[in-house]
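A look at the structure
What follows is the residue order along each chain.
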Amino acid sequence: MRTFVHRGFARLAVALVALGTVGVGWTAPASADPAGLVLRGETTQENSSDKSLPVRCPANTVVSGGGAYLTTSPDAGGRVAVDRLEPLADGSGFVATMREAGPVDYTGDWRFTTRAICVSPPAGYQVVAVTGAVGTQYVTASCGTKSVIGMGGRVNGGAGDVVLDQVVPSFDLKSVTARGVAVQGATTPGWSVTAFAVCATGVAGLERLWDVSPSDSTPDNLASVTCPAGKALYSVGADINAGNGQVLLSGVNIGPEDTVRVWADEDADGLAGNWTVAAYGICGS
């Protein structure tokens, strides 16, 4: 397994991915990937509004996973956060939402990219969604006897006061847990969290990979993990630990080949304590 962890380069990562992914299009998979696997991406317009952006899979494929990340000025890091990473129920694509969040309003324009991993429909394909009770941070969706090949999470009614800071598959790839956390100074009531598990029975060699950034109080942090040779990346996830609502998820990116990169930024007021961000990938043959 090839694993890479980077410290203090989250803002640089934002700039680098922006150079190569702005616009609409798709990227061919690595030669070892299963037939039918494609990576698609689209980027929003640049303005100061909260945004949602769906990406559709090609004909005869279904979504297995996806991500979203800021592709704009580094100043937006810690001011804009992910609150939706959702595989669509019918498998037709993936939709992401990012919102301005935190104790200080961001007055600049910003944009983000949604990416979707699409595959030939595996046996037993199903998207399971579970919504928790109002105000419940942690929600889990289970695949039962099937295996998790993809994941997602969504904050409902958070209005930027509640952001997504965890989408994690279980170690045995039977369930997915999503978490929503209130940001500093949050006032919006009545929010909830939905967890999504993309389930199947027909994918060989499934494994969960993860890596975590150093635990420190740096303004930003990044972690990444790459599938081993001969395996493809089916889905990506992330986890902020000890952020206490003052660390915002800025990017869950797919690429280069079969790699997930996750980065997060402290909000405008910063965080005195140590925190980490973890990257999760589901790989299969």
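This report concerns the structure included in the present document. (Residues numbered from 1 in each chain as written. Predicted model: local features only at pLDDT ≥ 70, side-chain atom pairs only at ≥ 80, totals over all residues. Heavy atoms only, no water.)

1. Examining the overall build of the chain
If you tally the helices and strands in the chain, you get 1 helix and 20 strands. Within the span of the chain, comprising 285 residues, buried residues form 57% of the whole. In the chain, of all internal contacts separated by at least 6 residues, the share reaching a separation of at least 24 is 76%. Element-wise, carbon and sulfur atoms account for 51% of the exposed surface of the chain, whose accessible area totals about 10500 Å². (Helix = DSSP H or I, 4+ residues; strand = E, 2+ residues; numbered from the N terminus. Buried < 20%, exposed > 50% of the residue type's maximum accessible area, 1.4 Å probe, protein only. Contact = heavy atoms within 4.5 Å. Areas by Shrake-Rupley, 256 points an atom, 1.4 Å probe, with all protein chains shown as cover.)

2. Digging into the packing of aromatic side chains
In the structure shown here, the tally under the stated rule is 2 aromatic pairs. For the ring pair Y69 and W263, a centre distance of 6.0 Å and an interplane angle of 55° mean the geometry is tilted. Here the residue Y69 occupies a position in strand 5 (residues 62-70), and W263 occupies one in strand 19 (residues 259-266), the gap between them amounting to 194 residues. Classification of W263 by relative accessible area gives buried; the value is 0%. (Phe/Tyr/Trp six-rings, centres within 6.5 Å; stacked < 30°, edge-to-face > 60°.)

3. Concerning the pattern of salt bridges
The full count for this structure, using the stated rule, is 7 salt bridges. Residue R111 is joined to E46 by a salt bridge in which the shortest nitrogen-to-oxygen separation is 2.8 Å. With R111 in the loop between strand 7 (93-100) and strand 8 (112-119) and E46 in the loop between strand 3 (38-43) and strand 4 (51-56), the pair connects residues that are 65 residues apart, well separated along the chain. Using a relative accessible area of 40% as the deciding quantity, one classes E46 as partly exposed. Residue R179 pairs with D165 through a salt bridge whose shortest N-O separation is 3.2 Å. With R179 in strand 13 (residues 175-182) and D165 in strand 12 (residues 162-169), the pair connects residues that are 14 residues apart, well separated along the chain. Each of the two residues, R179 as well as D165, counts as buried. (Salt bridge = Lys/Arg side-chain N within 4 Å of Asp/Glu carboxyl O.)

4. Notes on the nonpolar core
Counting residues in each nonpolar core, the largest one holds 71 residues, and the members touching the most others are L85, W110, L233 and V262. In contact with V262, not counting residues within four places along its chain, are N221, L222, A223, G237, A238, L249, G251, V252, V277, A278 and A279. Among the nonpolar cores identified, the runner-up in size contains 6 residues, and A81, A101, V163 and V181 belong to it. (Core = buried A, V, L, I, M, F, W, Y, C linked by side-chain atoms within 4.5 Å.)

5. Considerations on the sheet that holds strand 11 (residues 147-156)
Backbone-to-backbone hydrogen bonds join strands into a sheet, with any given pair of strands oriented parallel or antiparallel. Within the open sheet, the 6 strands sit side by side as 4-7-6-11-14-9. Their pairing is antiparallel. A strand with exactly one partner marks an edge of an open sheet, and here the two such strands are strand 4 and strand 9 (126-131). Sheet twist, expressed as the average angle between the axes of neighbouring strands with direction ignored, equals 25°. (Pairing = 2+ DSSP bridges. Axes fitted to C-alpha atoms, helices over the stretch in contact; angles between N-to-C directions.)

6. Some words on the side chain of D161
Tracing the backbone shows D161 in the loop between strand 11 and strand 12. Despite its burial, D161 remains without a salt bridge, the nearest opposite charge being carried by R99 at 9.8 Å. Polar side-chain contacts of D161 include one of 3.0 Å to the backbone nitrogen of T187. The contact partners of D161, leaving out residues within four places of it in the chain, are V181, A182, V183, A186, T187 and T188. (Lys, Arg positive; Asp, Glu negative; His and termini not counted. Polar contact = N/O pair within 3.5 Å; in protein donor to acceptor, adjacent residues only side chain to side chain.)

7. Some words on the sheet that holds strand 15 (residues 207-212)
The strand order across the open sheet formed by 6 strands is 10-13-12-17-20-15, and the pairing between neighbours is antiparallel. Two strands close off the open sheet at either side, each with one partner strand: strand 10 (138-142) and strand 15. The sheet shows a mean angle of 25° between the axes of neighbouring strands, direction not considered. Across 6 bridges, strand 15 lies against strand 20 (residues 276-284) in antiparallel orientation. By the bridge assignment for strand 20, W210 is matched with Y280.

8. Some points on the state of the cysteines
The final tally for this structure, using the stated rule, is 3 disulfides. The disulfide partner of C57 is C118, and the S-S distance across this bridge is 2.1 Å. In this structure, the disulfide formed by C57 and C118 twists by about -80° around the S-S bond and is classed as left-handed. Here C57, found in the loop between strand 4 and strand 5, pairs with C118, found in strand 8; they are 61 residues apart in sequence, far enough to count as distant. For C57, a relative accessible area of 12% gives the class buried. The exposure class assigned to C118 is buried, which follows from its relative accessible area of 0%. There is a disulfide in this structure between C143 and C199, and the S-S distance comes to 2.0 Å. With the S-S dihedral at roughly -85°, the linkage between C143 and C199 falls on the left-handed side. Linking C143 in the loop between strand 10 and strand 11 with C199 in strand 14 (residues 192-200), this pair joins segments that are 56 residues apart in sequence. (Disulfide = S-S within 2.5 Å.)

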